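If you want the building blocks of each chain, they are given just below.
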Amino acid sequence: MNSSMNDKPEPFASPFARHAWSPNELKAIVEAERRSQPFLAYRAPAGKQQIVDLSLNVKPVLTVGRGTECDVDLTGDDQVSRLHCVLECRGDQWVVEDLEFSRNGTFVNGARVRSRAHLVDRDVLSLGQTDLLFRRPHVSSSLATVTGVRTSGAPAAVTEAQQRGLLELVRPCIESGQF
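Residues numbered from 1 in each chain as written. Predicted model: local features only at pLDDT ≥ 70, side-chain atom pairs only at ≥ 80, totals over all residues. Heavy atoms only, no water.

**Student:** Account for the pairing of strand β9 (residues 116-119), with residues named and values stated.
**Tutor:** Residue alternation in β9 divides its side chains into a buried set, Ala 117 and Leu 119, and an unburied set, Arg 116 and His 118. Note that strand β6 (residues 93-98) and β9 share 4 bridges and pair antiparallel. Across the sheet, Val 96 pairs through a bridge with Ala 117, a residue of β9. (Buried < 20%, exposed > 50% of the residue type's maximum accessible area, 1.4 Å probe, protein only. Helix = DSSP H or I, 4+ residues; strand = E, 2+ residues; numbered from the N terminus. Pairing = 2+ DSSP bridges.)

**Student:** Report on the pattern of salt bridges, specifying residues and quantitative values.
**Tutor:** As a working rule, side chains carrying opposite charge can pair if their charged atoms are close by. Evaluation of the coordinates by the stated rule reveals 6 salt bridges. The partner of Arg 90 in a salt bridge is Glu 88, with the nearest N and O atoms 3.3 Å apart. Taking the relative accessible area as the measure of exposure, Arg 90 reaches 36% and is therefore partly exposed. According to the relative accessible area criterion, Glu 88 is partly exposed, its value standing at 23%. A salt bridge links Glu 160 to Arg 164; its shortest N-O distance comes to 3.9 Å. A residue pair is termed a helical-turn pair when its members lie 3 or 4 positions apart in one helix, as Glu 160 and Arg 164 do in helix α2 (residues 160-175) at 4 residues. By relative accessible area, which is 61% here, Glu 160 ends up exposed. Its relative accessible area of 51% is what places Arg 164 among the exposed residues. If you follow the salt bridges from partner to partner, you end up with Glu 33, Asp 121 and Arg 135 in one network. (Salt bridge = Lys/Arg side-chain N within 4 Å of Asp/Glu carboxyl O.)

**Student:** Account for the sheet that holds strand β10 (residues 124-127), with residues named and values stated.
**Tutor:** If you walk across this open sheet you meet the 6 strands as β2-β1-β11-β10-β7-β8, and the pairing is antiparallel. Strands at the two margins of the open sheet, each flanked by one partner only, are β2 (49-53) and β8 (111-112). Note: strand β1 (residues 39-43) against β2, 5 bridges, orientation antiparallel. When the sheet's bridge partners are listed, Tyr 42 is paired in β2 with Gln 50. Strands in contact with helix α1 (residues 23-34) are β1, β2 and β11 (130-135); relative to β2, the strand with the most contacts, it is inclined by about 5°. (Contact = heavy atoms within 4.5 Å. Axes fitted to C-alpha atoms, helices over the stretch in contact; angles between N-to-C directions.)

Right, dumping it as structure tokens:
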């Protein structure tokens, strides 16, 4: 991530642009999407497209690194650590966790992962010189968190600053004897 003179990061540009895949690779991705299960798509350091099924019947925790013992083997990318990060399914959400063994870090959409990051459909994980596209096709909108107004239970806590602001707002009414 480069910075300009005002230290503003450049916008993240996905390496998975429209024409990044061959017709056969696109066909494989579409077939994976039709299974409606989460998956990773990436180009191995040797140049061949790989698709890794992340559905729970395969494995809930996957290791990612430069070694044949890893579930996602990025052998050939010398900037990836032997055990770089893990992908874990927690409930119905996928999380990437940087193991801090990696010298070059783990990035999601260009932002460095400090410990863990939740993944959403079409996030791009960057490890060394390898970019991995996370797909979670056909996610139901019922899984989205809705922000609402509290209708029962204890009242929401009010901070001291909020209390001072409220007192300043009602002070004229109090001093005029309206309360």
